[in-house]
Amino acid sequence: TVLVHVGRFAPPKNHALLVEAFAQVRSDAPLYLLLVGGGELQDAVRAQVAGLGLESRVRFLGIRADVADILRASDMFVLSSRVEGNPLSVMEAMAAGLPVVSTAVGGVPELVREGATGLLVPSEDAGALARAVQALVDDPARRRAMGAAARQDAVSRFDIRHTVRGYEQLYESLLNRG
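These numbers come from a predicted model, not from an experiment. (Residues numbered from 1 in each chain as written. Predicted model: local features only at pLDDT ≥ 70, side-chain atom pairs only at ≥ 80, totals over all residues. Heavy atoms only, no water.)

## Quick word on the packing of helix α1 (residues 15–24) against helix α2 (residues 42–51)
Running from N to C, α1 and α2 point in directions that differ by 15°, and their axes come no closer than 10 Å. The orientation of α1 relative to α2 falls into the category roughly parallel. Like other packed secondary-structure pairs, α1 and α2 cross with a definite hand, here right-handed. Of the residues in α2, those touching α1 at His15, Ala16, Val19 and Glu20 are Val45, Gln48 and Val49. Each residue belonging to the contact of α1 with α2 can be placed in one class, and the counts come to 4 nonpolar, 2 polar and 1 charged. (Axes fitted to C-alpha atoms, helices over the stretch in contact; angles between N-to-C directions. Helix = DSSP H or I, 4+ residues; strand = E, 2+ residues; numbered from the N terminus. Parallel < 35°, antiparallel > 145°, perpendicular 65-115°, else oblique. Left-handed = near helix turned anticlockwise from the far one by under 90°. Contact = heavy atoms within 4.5 Å. Nonpolar A, V, L, I, M, F, W, Y, C, P; charged D, E, K, R; others polar.)

## Notes on the sheet that holds strand β3 (residues 58–62)
The sheet built from 6 strands is open, its strands ordered β3-β2-β1-β4-β5-β6 with parallel pairing. Only two strands of the sheet have a single partner each, and these edge strands are β3 and β6 (118–121). For this sheet the average axis-to-axis angle between neighbouring strands, irrespective of direction, equals 20°. Both strand β5 (residues 100–103) and β6 contribute to a ladder of 4 bridges, which runs parallel. Its bridge partner lying in β6, Thr103 is registered against Val121. α2 contacts β2 (32–36) and β3 of the sheet and is inclined by roughly 165° relative to β3. (Pairing = 2+ DSSP bridges.)

## Description of the nonpolar core
Counting residues in each nonpolar core, the largest one holds 31 residues, and the members touching the most others are Leu3, Leu35, Val58, Met76, Val101, Leu129 and Val133. Of all the elements in the fold, those that place two or more residues in this core are α1, β2, α2, β3, β4 (76–79), β6 and α6 (126–138). Counting residues per element, this core draws most heavily on α6, which supplies 8 residues. The residues touching Leu129, leaving out its near neighbours within four places in the chain, are Leu17, Leu18, Ala21, Val78, Leu79, Ser80, Val101 and Val121. One finds Val2, Val67, Leu71 and Leu79 within the second-largest nonpolar core, a separate group that totals 21 residues. (Core = buried A, V, L, I, M, F, W, Y, C linked by side-chain atoms within 4.5 Å. Buried < 20%, exposed > 50% of the residue type's maximum accessible area, 1.4 Å probe, protein only.)

## Quick notes on the environment of Ala23
Along the polypeptide, Ala23 turns up in helix α1. Accessibility expressed as a relative area gives 19% for Ala23, which makes it buried. Discounting residues that sit within four places of it in the chain, Ala23 has contacts with Leu52 and Leu54.

Just distances and angles here, no functional claims.
What follows is the structure, encoded as structure tokens:
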């Protein structure tokens, strides 16, 4: 099972919480965490991974141009942020057909439908994050169903054609008022 996180190594993204939670997840099958991105806290996160003995299961992929391919090769997207706006990484993961396990911060609860397209947990709660990840590691059928629902949501809600149509409707309504 491959978990993936895409984001810069900076305090708001809270990689330390993600690694702490990942260390608690158990699986009979191979279990990996892919960390995509770069940033000032990357060395600290590498040290944490080494200190927990996770070097064989956590991969640091750096800044990549092939994120879509990495998402398609993964089984679950995990986000451990302290704060977020409207994270593009979550929308991209959903478009790739991945269920999302995330802290319920910022705009994430507006993107992820709890229990349908992913699981949301309180910020700063490594145990809750670990339990949510564990639930989807243990239930591949549920994980796939959530991923399919996430893909469907992404296509119906995030596609640029919907945005364009929304702007067209706005402009038409403004023109009709005049």
